[in-house]
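# Structural description and commentary
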Amino acid sequence: MKYISLNHNSVPTSFRKAVINGLAPDKGLYFPEKEINLPKHFIESIKDIDDKEICFEVINKYIGDEIPKSKLLNIIEKTVSFKIPLKKIEDSIYSLELFHGPTLAFKDIGAKFMASCLDYFKESYLSKKITVLVATSGDTGGAVAKGFAETKDIDVCILYPKGKISEVQEKQITTNGSYVNAIEVDGDFDLCQSMVKKAFNDEEINRKIALTSANSINVARWLPQMFYFFLALKKIKNKKRNVFSVPSGNFGNICAGILSKSMGLPIDHFIASTNINDTIPRYIKDGIFDPHNTKRTISNAMDVSDPSNFIRIQKIYNNDLQKLRKNISGYSFNDNATKDTIFKLYNSYGYIIDPHSSIGYLGIKEYLKNLQSREVNGIFISTAHAIKFKSIVEKTINTELKYPRSLKKILTKENISTSIDSYSELKEFLLNKPQ
Ligand SMILES: *Cc1c(COP(=O)(O)O)cnc(C)c1O
């Protein structure tokens, strides 16, 4: 498989190069050159196929012979190493829990897969040591740090917005020891992301350091997110239409779902559920792409107003807004609605949910409201464990949450980070860190 740039000014390149580069030389996002359709008999028989084999079939054609089968199976095994339950919450509504991984959010899957691919490809870097540079709105940071825990000869630098991530998220970023450089930026996520982009374009930095990105724009983070759409539908035993509500920020996760559908997975409709950073719901409604300033919310991993991956979704629909509207609805919800739902789900079912997943639930409810028939499986993605947003969830349900055992170890560790407030400070940091 070759990857084209969505800016259309770079030559198509291999999966390996696309993973290593992150972004194409013309700054465009990489996108698979060819459409892939999975054989009908495969889709129809996924219920009888082993999870690992399903994931292999789904991703294999995007990689081709650049990673041998046994190695790829091994990477998949390390990536999907935790349970992914599909819980029925009420009539027609299911929660796909993607938060049982090492850092308790769905990003663990993409981060681990990408780290393993980079580790496999690392000899391509010749003499330069690789540095993974990534901006996080909250959950990417911890997931990337953990994903690279076993690849110690790769350096990791994580930029996060000061005071805008939760306590657990900050612990997961700042307590990993020397292989992870935590960089606290005085600004919001969009500023972190723009600094990262600038560093990638900086010739002086590129001469000295082999930089690579681990944001959801990297194909090795984006593509494995297809796994759980397949694994979810493997668990559904009826023949009703399937609708997914995906809590969305940078739109990587939902874009992986949409790609899964384009391969033949029977998904009828997607709901892009956002907080008040609602660029895409407004775009779907009015046809005008008009990002406002990013606003702070309690679902901070979705405080994104110019989602990078949306261009890939437009590509899948050939930039045809009508087609996009047929397949995707967009709804946005404010913090009060988010909290009301956290409270309601706890009160009605004893189900404890985090603010992002709460928006996913609200999205599926809104969609079902406009529907005559209840003949659908409404699946919302639960993207993070409630403990990652402990204080807000506790206040909302008026109950104390217990820490999972896996977290207890890092809670007592000291946060270690470097504070910056300008691009020049980031540059200085990168050029002067030990190589
Ligand atoms: C990253 C994240 C999202 C948003 O996912 P995108 O792929 O960026 O749209 C939603 N919820 C949580 C908990 C996240 O960490």
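Shown above is the structure to which this text applies.
Scope of this entry: the structure provided in the associated data block.

The rules behind these values
Residues numbered from 1 in each chain as written. Predicted model: local features only at pLDDT ≥ 70, side-chain atom pairs only at ≥ 80, totals over all residues. Heavy atoms only, no water. Buried < 20%, exposed > 50% of the residue type's maximum accessible area, 1.4 Å probe, protein only. Helix = DSSP H or I, 4+ residues; strand = E, 2+ residues; numbered from the N terminus. Near = heavy atom within 4 Å. Polar contact = N/O pair within 3.5 Å; in protein donor to acceptor, adjacent residues only side chain to side chain. Nonpolar A, V, L, I, M, F, W, Y, C, P; charged D, E, K, R; others polar. Axes fitted to C-alpha atoms, helices over the stretch in contact; angles between N-to-C directions. Left-handed = near helix turned anticlockwise from the far one by under 90°. Contact = heavy atoms within 4.5 Å. Pairing = 2+ DSSP bridges.

Most of helix α18 (residues 390-397) is tucked away: 6 of the 8 residues are buried. Here α18 has its buried residues at K390, I392, V393, E394, T396 and I397. Note on α18: the residue one or two positions beyond its end, N398, has a positive phi of about 55 degrees.

With that settled, consider the site of the ligand. Around the ligand, 15 residues are found, and the nearest of them are K107, D139, G249, N250 and T383. G249 places a polar main-chain atom, nitrogen or oxygen, 2.8 Å from an oxygen atom of the ligand. N253 is positioned with one of its backbone polar atoms (N or O) 2.8 Å from an oxygen atom of the ligand. Residues belonging to the shell around the ligand are distributed by class as follows: 6 nonpolar, 7 polar and 2 charged.

At their nearest, the axes of helix α4 (residues 69-79) and helix α5 (residues 107-121) sit 9 Å apart, and the two run at 145 degrees to each other. Between α4 and α5 the crossing geometry is right-handed. Contact residues: K71, L72, I75, I76, K78 and T79 in α4; I109, K112, F113, S116, C117 and Y120 in α5.

We now examine the sheet that holds strand β10 (residues 241-247). Backbone-to-backbone hydrogen bonds join strands into a sheet, with any given pair of strands oriented parallel or antiparallel. Read across the sheet, 6 strands follow the order β4-β5-β13-β10-β11-β12 without closing on themselves; strand pairing throughout is mixed. Single-partner strands in this sheet number two, and they are β4 (86-90) and β12 (328-332). Across the sheet, the mean angle from the axis of one strand to that of its neighbour is 25 degrees, orientation sign disregarded. Here 5 bridges tie β10 to strand β11 (residues 269-274), and the two strands are oriented parallel to one another. Among the inter-strand pairings, F244 is bridged to a residue of β11, identified as F270. Contacts from helix α13 (residues 279-286) reach β11 and β12, with the element oriented near 125 degrees to β12.

Turning to the side chain of K388, a few remarks are in order. Assignment of secondary structure puts K388 in the loop between β13 (376-382) and α18. A relative accessible area of 1% means that K388 is categorised as buried. Within polar-contact distance, the side chain of K388 engages the side chain of D139 at 2.8 Å. Apart from residues no more than four positions distant in its own chain, K388 is found in contact with T103, L104, A105, D139, S166, V168, Q169 and Q172.

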